[in-house]
Structure formats: C-alpha cells, structure tokens
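One letter stands for each residue in the lines below.
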Amino acid sequence: MPFASSFVTKTLSAAALGASVLFAGSAAAQELPDTMTWSSYDVGSAGYAEASAIADAFGKKYGTRVRIQPSGSAIGRLQPLLNGRADYAFLATETFFAAEGIHDFSTRRWGPQDLRAVAGRPSSFGIFTAADANIMKLEDLKGSRFAYVAGNPSINVKCDAFLAFVGLTRDDVEAIMFPTYASTMSSLARGEADASCTTTTPSHVYELAESPRGIRWLDVPKDDEEGWKRLREVAPFFQPYTETIGAGISEENPVDIFAYRYPVLTVRADMDEEAVYNYIKALDETYGMYKDATAAMHRWDLEEAGTPAIDVPFHDGAIRYLKEKGIWTEEHQAWNDQRTERLNALMDAWPEALAEADGKSDEEFAEIWEAHRTRALESVK
C-alpha cells in the first residue's frame, strides 16, 4: 500500500519515527484516556507518519500517551484492534476486505468483521500509462499490457475497478503479474507494460514521467453514472476526485480520477460511543497542530475526512460529532444505512456458510462462502 514518498512525507522528529511513540503533556479538558495504543502500517509509511503526527498533537494538547504498533501485514494491523490490544487502527483497504470477508479474511478463521470508521483522509488513485502507448481513455486499455502486483489484492482490486468502469475485466487486457510493487510500478519505464494503477506521487511514476516514454493519467468522467455504478460493484468505497498534485499533474493540468481513504481510522463496532465522540473531537481540535506535518495531512479536515464514501460504516460516536459540526447530511446517513445493511447481510451469511461447509475441504469452503456472499450482496442491491 501507499508508502511515504517525496510528496507524502516531510521530516518528522526521530522520536516520532520509532516503533513505540510516547508523548506526554499537560492535561486538558478534553475527555481522552491517559494512554492509548494505535496500530498502523510499518515505520516509513505515510500511515505511520500521519499517526505519529496526530499522536504528537494529542500528547501536547491533552497529555495522552500514545503507543503506535506498526505492522507490515493486514492481519498484523487488524489483530490488535480485534483482540482489544489496540484502541484505534490506521488502516487501508484491508478495512474493506475484512468487512467483506474476502482475500486474507475469507478463511474459516476470519469472515466478515464488524468494523466502523471514525474518519479517513482522501487519497487519490488513478490509472497511469506510458504516453507513447497512445492510450488516451479508459476504453483504450482493451488489449493493452497491464501491470498487476502478485499477491497484492489491495492494489489489484483498484485496477479492476477502473476496468469495470468501462465494462472491462482482466480478461480484456494482457494482465502481467510482477513480483513486487516496485517492479510493477517501474515496469512501464522499462518498456515491459503500458499501463497500471497507483497513487499519483510514488517515485516510480515520476521516473516514468521523466523517461523517454512519458506519462499520461486517464480521466474517469464524474458524470458517467453507469460507469460509477459498475465501478462500485467492484469497490463501493471509491468517490470521484480531482487531483492536482503528482507526476505529470498540476493545478494547470489536473486529472479526474478517484479517491479512496488512506489511512482509514478504524474501530470495532462495539467501541464505546462516547470514547469515539471524544476521539474525533480531539482529532478535529488538534487539526491545526498536525495539518502541515506531511504534504497530505491537510486532507484530515473533517469536511473531507468525515464524509462517505469509505470502506465501512461510520461509528455512531463519529456521526454524532459530525452532525454537531454541520458536516453530516441526510445523504451521508442514507449511504451509511446502506453500507451497514450490506455489512450485516454478509455477517449473517457467514455462519450459514460455515455450517454448510462443515467437514469439507478449504477449497470447497471457498466456493461455498463465495456463493453465500454473492446471494447476500444481491439481497441488498
């Protein structure tokens, strides 16, 4: 997932980049615990840098001591949250995967997880191509050499969503699997692929922009309702976004792509409502202290970070505060109700799949769960 790049990360103090971040300050009136544990992506990632900056602000304003527990795996970030060792988690698309019971979370041990969002800043994501490949629009991707990352569903599902926008699938492109994220992103500059998808700021896309091949980002029309409907059947957490920062992108040369949320500030559904209310209030009240810590952190403004679409439903404690701020609308509530219905349908389908698969192989279980999952999703369309 997205790691800190020259765009994302400014210099943070050495203390903020340790595996355990502890801050203390004078207590304030805000009702926060004396200590908290948060999980996040690895040290060096954008998620860790941003969690560190927010923890620093909480410590200085409220005297709250925060320990950040980093992990390089989706399960490593979620497990502490689910077993109560972490209070909050700064996650990415694994939030959606866990709620849906797919990929790492489709095994008997897991299944759909009852998670809620507190907030999540928009992070843009797009299809980039080599300019000399003459791929001018999404439809032109048909038959192209498209680079995927082996074993990385978080990236690949986003690429699939772009293809779905124009009614394409992996069968319509020459899907080439590369072993790592870095090799995938640099494959275009090496002439081994013609298109892929990522955020707009990694070093690899700047290298492509400066290479003889050049770079082009493909627009996703905001007003194509059928296209967005197809896309959201693959990934319902996306929303339209106009990006002005990135390789080959500027205020003068923007691109209409989409945004997902990274990091997604995630809690369990049974997290105390008052605790979540106080947390998002603190997140808002300290915004001025951390908003310049990295080049993307200004997007934690709740006008952006506190609205759908996002990977899972918003927590009631967050919604209460967002309503008080005048941010939460009837449309947001309608989205949240629909997203909650989807999650509940999947959670109800899980024990039925387990019962049907009792005594059967893992391969048979996978087929049974997929059939139950499909029926559950069809029931809430």
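Residues numbered from 1 in each chain as written. Predicted model: local features only at pLDDT ≥ 70, side-chain atom pairs only at ≥ 80, totals over all residues. Heavy atoms only, no water.

## A short note on the nonpolar core
Here comes step 1: With 107 residues, the main nonpolar core has Trp-38, Phe-58, Tyr-88, Leu-141 and Trp-300 as its most contacted residues.
Here comes step 2: When near neighbours in sequence (up to four residues on either side) are disregarded, Phe-58 contacts Leu-32, Met-36, Trp-38, Gly-63, Thr-64, Tyr-279, Ala-282, Leu-283 and Thr-286.
Here comes step 3: Listed in part, the 12 residues of the second largest apolar core include Ala-349, Trp-350, Phe-365 and Trp-369. (Core = buried A, V, L, I, M, F, W, Y, C linked by side-chain atoms within 4.5 Å. Buried < 20%, exposed > 50% of the residue type's maximum accessible area, 1.4 Å probe, protein only. Contact = heavy atoms within 4.5 Å.)

## Quick word on the pattern of salt bridges
Here comes step 1: Summed over all chains, the structure comprises 21 salt bridges.
Here comes step 2: The closest approach of N and O atoms between Arg-373 and Glu-100, which form a salt bridge, is 2.5 Å. Within this pair, whereas Arg-373 is found in helix α13 (residues 362-379), its partner Glu-100 is found in helix α3 (residues 94-100), the two being separated by 273 residues in sequence.
Here comes step 3: Measuring nitrogen to oxygen at the nearest pair gives 2.9 Å for the salt bridge that ties Arg-116 to Asp-114.
Here comes step 4: Arg-116 gets classed as buried once you look at its relative accessible area, which sits at 12%.
Here comes step 5: Owing to a relative accessible area of 30%, Asp-114 belongs among the partly exposed residues under this scheme.
Here comes step 6: One salt-bridge network, in which partners are shared between bridges, spans Glu-100, Arg-339, Arg-342 and Arg-373. (Salt bridge = Lys/Arg side-chain N within 4 Å of Asp/Glu carboxyl O. Helix = DSSP H or I, 4+ residues; strand = E, 2+ residues; numbered from the N terminus.)

## A word on unusual backbone geometry
Here comes step 1: Cis geometry marks the peptide bond from Tyr-262 to Pro-263; its omega dihedral reads -5°.
Here comes step 2: With respect to the helices, strands and loops of the structure, Pro-263 is situated in strand β10 (residues 255-268).
Here comes step 3: Located in the positive-phi region is His-103, a residue other than glycine, with phi close to 55°.
Here comes step 4: The topology assignment puts His-103 in the loop between α3 and β4 (115-130).
Here comes step 5: Positive phi outside glycine occurs at Asn-134, with the angle close to 60°.
Here comes step 6: As for its placement among the helices and strands, Asn-134 is situated in the loop between β4 and β5 (145-149).
Here comes step 7: Among the residues examined, Asn-134 registers a relative accessible area of 56% and is labelled exposed.

## Details of helix α4 (residues 153-165)
Here comes step 1: Its 13 residues place the ends of α4 18 Å apart at the C-alpha level, agreeing with the 18 Å of an ideal helix rising 1.5 Å per residue.
Here comes step 2: Of all 13 residues in α4, 11 are buried, a share of seventy percent or more.
Here comes step 3: Of all the positions in α4, only Ser-154, Ile-155, Asn-156, Val-157, Lys-158, Cys-159, Ala-161, Phe-162, Leu-163, Ala-164 and Phe-165 are classed as buried.
Here comes step 4: Gly-167, located one to two residues past α4, shows a positive phi value of around 75°. (Expected span 1.5 Å × (residues − 1).)

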